[in-house]
Number of protein chains: 2
Amino acid sequence: MHSREIFNIVKARRESLNVTQETLAQLSGVALRTLKQFESGKGNPTLQTLQKLGDALGLEVTVIIKNKGIN
Amino acid sequence: MHSREIFNIVKARRESLNVTQETLAQLSGVALRTLKQFESGKGNPTLQTLQKLGDALGLEVTVIIKNKGIN
DNA sequence: GTAAAAAGTGCAGCAAAACGCACTTTTTTA
DNA sequence: TAAAAAAGTGCGTTTTGCTGCACTTTTTAC
């Protein structure tokens, strides 16, 4: 599970845009409390929630599924 | 939201391995009912649930986040 | 150094993801 | 084509992601 890394990217992006958690919450439709959880490294987000954050931050969120090793 | 496509990949993979929904449920730890929902195109999975299915199917599940357009 | 802004946290409630069960429908196979 | 296996569905329960509120801590700006 690499949700920690995902949250870090979201946070970095938000900061690089000079946007507060509160503003991002409003823009994305994800609750401030939820954002705070994510940025402090907790949580198991749904695809929909990730998508909302990505949309608001101008990020393209894609799930890649590929074979592991030889098949 | 491309969860539909993700579910299709999971289903295709399961079928190519000749594994039933029931067996995949056991192997992955995701409930049979939940799998059925997914494969019939419904649901908004968490990263953890996707990961469980990927693990059981020998698939690598990765979330890619990249900039949209010019930044 | 202090006030304001932003970020982090505990707690409780709600909505929905995940689940189990019983049943029906579709597909497979003998 | 009948029986068995697999897949799909309705419904109720449990679990947990998401939320709001109140508060504390940290960071920023004056």
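Preceding this paragraph is the structure being described.
About the cut-offs
Residue numbers run consecutively from 1 along every chain, following the written order of its sequence. Key to labels: chains lettered from A, ligands numbered from 1, both in the order written. pLDDT decides what is reported in this predicted model: residues at 70 or higher carry local features, side-chain atom pairs at 80 or more are listed and counted, and totals for whole chains, interfaces and linings draw on all residues regardless. Note that water and hydrogens are dropped before the side-chain values are worked out from all heavy atoms of the structure. The secondary structure listing takes helices from DSSP runs of H or I that are at least 4 residues long and strands from runs of E that are at least 2 residues long, numbered from the N terminus. Summary of the burial criterion: residues with accessible area below 20% of their type's maximum are buried, those above 50% are exposed, and those between are partly exposed, where the area comes from a 1.4 Å probe applied to protein chains only. Contacts are assigned to residue pairs that have any heavy atoms within 4.5 Å of one another. Per-residue and other accessible areas follow the Shrake-Rupley method at a 1.4 Å probe size, with only the shown protein chains counted as cover for residues. The definition of a polar contact used here is a pair of N or O atoms within 3.5 Å, where within protein one atom must be able to donate a hydrogen and the other to accept one, and adjacent residues in sequence count solely through side-chain atom pairs. Residue proximity to a molecule or strand is established when one non-hydrogen atom of the residue lies within 4 Å of it. Nonpolar residues are Ala, Val, Leu, Ile, Met, Phe, Trp, Tyr, Cys and Pro. Charged residues are Asp, Glu, Lys and Arg, and all others, Gly as well, are polar. One less than the number of residues in a helix, times 1.5 Å, gives the span that helix is expected to have. Here, the arc refers to the directions that run from the helix axis to the C-beta atoms.

Before going further, it helps to spend a moment on the overall build of chain A. Of the regular secondary structure elements, chain A holds four helices and one strand. The helix and strand sequence of chain A, counted from the amino end, reads α-α-α-α-β. Principal axes of the C-alpha set define a box for chain A whose edges measure 45 × 25 × 20 Å. Each of the 71 residues in chain A was classed as buried or not, and the buried ones make up 41%. Taking the contacts inside chain A whose residues are at least 6 apart along the sequence as the reference set, 51% of them involve residues at least 24 apart. Accessible area for chain A stands at about 4000 Å²; split by element, carbon and sulfur atoms hold 48% of it.

Next up on the list: the environment of Gln21 of chain B. Residue and element names in this part refer to chain B. Considering the arrangement of structural elements, one finds Gln21 in helix H2 (residues 21-28). In contact with Gln21, not counting residues within four places along its chain, are Arg14, Leu32, Leu35, Lys36 and Glu39. Engagement of the side chain of Gln21 in a polar contact is seen with the side chain of Glu39, the distance being 3.1 Å.

Glancing now at the protein's contact with DNA strand D. Close contacts around DNA strand D come from 20 residues, with Thr34 and Thr49 of chain A together with Arg14, Gln21 and Arg33 of chain B the closest. When atoms of DNA strand D within 4 Å of the protein are sorted by moiety, sugar and phosphate together comprise 58%. One of the side-chain nitrogen or oxygen atoms of Thr49 of chain A is found 2.5 Å away from a phosphate oxygen of DNA strand D. Sorting the residues of the surface near DNA strand D by element identifies helix H3 (32-39) of chain A together with helix H1 (3-16) and helix H3 (32-39) of chain B as the ones contributing at least two each. Here the residues of the surface near DNA strand D are counted per class, giving four nonpolar, 10 polar and six charged.

This brings us to helix H1 (residues 3-16) of chain A. For H1 of chain A, which comprises 14 residues, the first-to-last C-alpha distance of 20 Å matches the rise-based estimate of 20 Å (1.5 Å per residue) to within 8%. Along H1 of chain A, the residues that are buried comprise Ser3, Ile6, Phe7, Val10, Arg13 and Arg14 of chain A. Projection of H1 of chain A onto a plane perpendicular to its axis shows the buried side chains occupying an angular sector of 125°, all on one side. Those residues of H1 of chain A that are exposed and angled more than 90 degrees off the buried face are Arg4 and Ser16 of chain A. On its buried face, H1 of chain A sits against helix H2 (21-28), H3, helix H4 (47-57) and strand S1 (59-67) of chain A together with helix H4 (47-57) and strand S1 (59-67) of chain B. Remark: Asn18 of chain A follows H1 of chain A within two positions and exhibits a positive phi of approximately 55°.

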